[in-house]
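Structural characterization, general
Here are the chains, one letter per residue:
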Amino acid sequence: MKIAICDDEPIFLKRMYSYLWQQPDCVVECFPTPDALLDNCKAGERYDVIFLDIVMSPVNGIEVAKSIREYDQSVILVFFTAYLEYAPAGYEVNAFRYLLKPVTEEDILRTIKDIRVKLENTTLLVKTPECDLLLHMQDLQHLEADNKNTILHYKGDVITLRKGLNELETLLPASLFFRIHRKYIINLSYVREFDEAHVTLDSGKTFPVSRRNIKEFRLAIKAYIEGAPHS
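Residues numbered from 1 in each chain as written. Predicted model: local features only at pLDDT ≥ 70, side-chain atom pairs only at ≥ 80, totals over all residues. Heavy atoms only, no water.

1. A closer look at the layout of surface pockets
For the largest pocket, the calculated volume is near 370 Å³. Lining the largest pocket are 13 residues, and of these Met1, Asp25, Arg116, Leu125 and Leu134 lie nearest its centre. In terms of residue class, the lining of the largest pocket is built from six nonpolar, one polar and six charged. Empty space within the second largest pocket amounts to approximately 320 Å³. Lining the second largest pocket are 18 residues, and of these Gln73, Ser74, Lys118, Thr122 and Gln138 lie nearest its centre. (1 Å grid on protein atoms, 1.4 Å probe; cavity = no way out; pocket = protein on both sides within 12 Å on 5 of 7 lines; lining within 4 Å. Points joined across faces, edges and corners; volume = space filled by probe spheres on them. Nonpolar A, V, L, I, M, F, W, Y, C, P; charged D, E, K, R; others polar.)

2. A short note on the environment of Ala43
Note on placement: Ala43 falls in the loop between helix H2 (34–42) and strand S3 (49–53). Residue classification places Ala43 among the exposed positions, given a relative accessible area of 69%. (Helix = DSSP H or I, 4+ residues; strand = E, 2+ residues; numbered from the N terminus. Buried < 20%, exposed > 50% of the residue type's maximum accessible area, 1.4 Å probe, protein only.)

3. Notes on the environment of Arg182
For Arg182, the position within the fold is in the loop between strand S11 (177–181) and strand S12 (184–187). Separated by 28 residues in the primary sequence, Arg182 and Ser210 place their C-alpha atoms 8.1 Å from one another. Those residues in contact with Arg182, other than ones at most four positions away along the chain, are Ala145 and Leu165. (Contact = heavy atoms within 4.5 Å.)

4. Observations regarding the sheet that holds strand S4 (residues 76–81)
Read across the sheet, five strands follow the order S2-S1-S3-S4-S5 without closing on themselves; strand pairing throughout is parallel. Strands with a single pairing partner mark the edges of an open sheet, and in this sheet they are strand S2 (27–31) and strand S5 (97–100). With strand direction ignored, the average angle separating the axes of adjacent strands in the sheet is 20°. Pairing of S4 with S5 involves four bridges; the strand directions are parallel. From the neighbouring strand, Phe79 faces S5, where its bridge partner is Tyr98. Each of strand S1 (2–6), S2 and S3 touches H2; the most contacted strand, S2, lies at about 130° to it. (Pairing = 2+ DSSP bridges. Axes fitted to C-alpha atoms, helices over the stretch in contact; angles between N-to-C directions.)

5. Quick notes on the pattern of salt bridges
Applying the stated criterion across every chain yields a total of 15 salt bridges. The closest approach of N and O atoms between Glu9 and Lys101, which form a salt bridge, is 3.4 Å. One end of the pair, Glu9, is in the loop between S1 and helix H1 (10–20); the other, Lys101, is in the loop between S5 and helix H5 (105–122), and 92 residues separate them in sequence. Under the relative-accessibility criterion, Glu9 is labelled partly exposed at 38%. Each of Asp7, Glu9, Asp53 and Lys101 takes part in salt bridges that share partners, so that together they form one network. (Salt bridge = Lys/Arg side-chain N within 4 Å of Asp/Glu carboxyl O.)

6. What to know about the packing of aromatic side chains
Per the counting criterion, the structure on display carries seven aromatic pairs. For the ring pair Phe51 and Phe80, a centre distance of 5.7 Å and an interplane angle of 15° mean the geometry is stacked. You can see Phe51 sitting in strand S3 and its partner Phe80 sitting in strand S4, a full 29 residues away along the chain. For Phe80, a relative accessible area of 0% puts it in the buried group. Summarising the aromatic geometry, the rings of Phe178 and Phe217 are spaced 5.6 Å apart at their centres and angled 55° between planes, so their arrangement reads as tilted. Of this pair, Phe178 sits in strand S11 while Phe217 is found in helix H7 (residues 214–226), placing the two residues 39 residues apart along the sequence. On the basis of relative accessible area, Phe217 is assigned to the buried category, the value being 0%. Here the aromatic cluster, defined as three or more aromatic residues joined through ring pairs, consists of Phe12, Phe51 and Phe80. (Phe/Tyr/Trp six-rings, centres within 6.5 Å; stacked < 30°, edge-to-face > 60°.)

7. A word on H2
Among the residues of H2, those classed as buried are Pro34, Leu37, Leu38 and Cys41. Down the axis of H2, the buried side of the element spans an arc of 95°, and every buried residue falls inside it. Elements that come into contact with the buried residues of H2 comprise S1, S2, S3 and helix H3 (61–71). Downstream of H2 by one or two residues, Gly44 has phi in the positive range, about 100°. (Arc of directions from axis to C-beta.)

Here it is in structure tokens:
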């Protein structure tokens with residue numbers, strides 16, 4: 001889990017780092033100013049979790065979070081604050097949680113535990129010849145069978161895995177993904193239009209829908225729009 005902490009109080013920042021760096025599989029970066037964090041995000045750096053202080057200068061944490069959301073819709077945002085009146089503003093940036101100062105180690109550990117549960121349901125861990133990748137499922141547009149391999153189309157990138165499409169299908173939530181054809185699984189959130197034989201995604205790519213799947217596909221789209229999982 002890749003974590004960033006941004007707070008302009010050096011002592012508090014150091015203490016938060018001490019709570020987090022010992023956690024299994026956590027890589028932690030500290031930022032004493034919002035500008036340094038935003039520069040990283042603009043440069044394409046991605047984090048699983050960002051802890052932000054709300055009261056900072058020259059710009060507060062809510063405004064920093066809004067800027068971060070321009071580059072990353074998936075990152076989990078946790079705010080530090082001494083003033084709960086800021087809480088409603090966090091809904092604008094889909095804040096995961098507010099931690100009221102003074103923040104204890106117990107607060108941090110409980111938050112990380114809850115984040116792990118969330119990530120288990122929203123991320124996919126895949127192994128490539130080069131490294132292990134943690135992919136946000138929301139950003140996985142579609143999967144394509146390629147003999148014994150599978151090609152993932154993710155955030156504009158193409159990733160080839162040495163796994164079959166059948167195996168990967170079992171790892172994907174049925175509320176978000178649908179197998180429209182023996183060769184293709186699509187992310188329902190990217191569907192732009194469809195008819196009795198084809199589906200077109202926001203990317204402009206069009207895929208065939210097998211005749212036997214079209215009825216179930218319509219039910220899946222309806223369930224996705226209504227926010228309910230389909231069986």
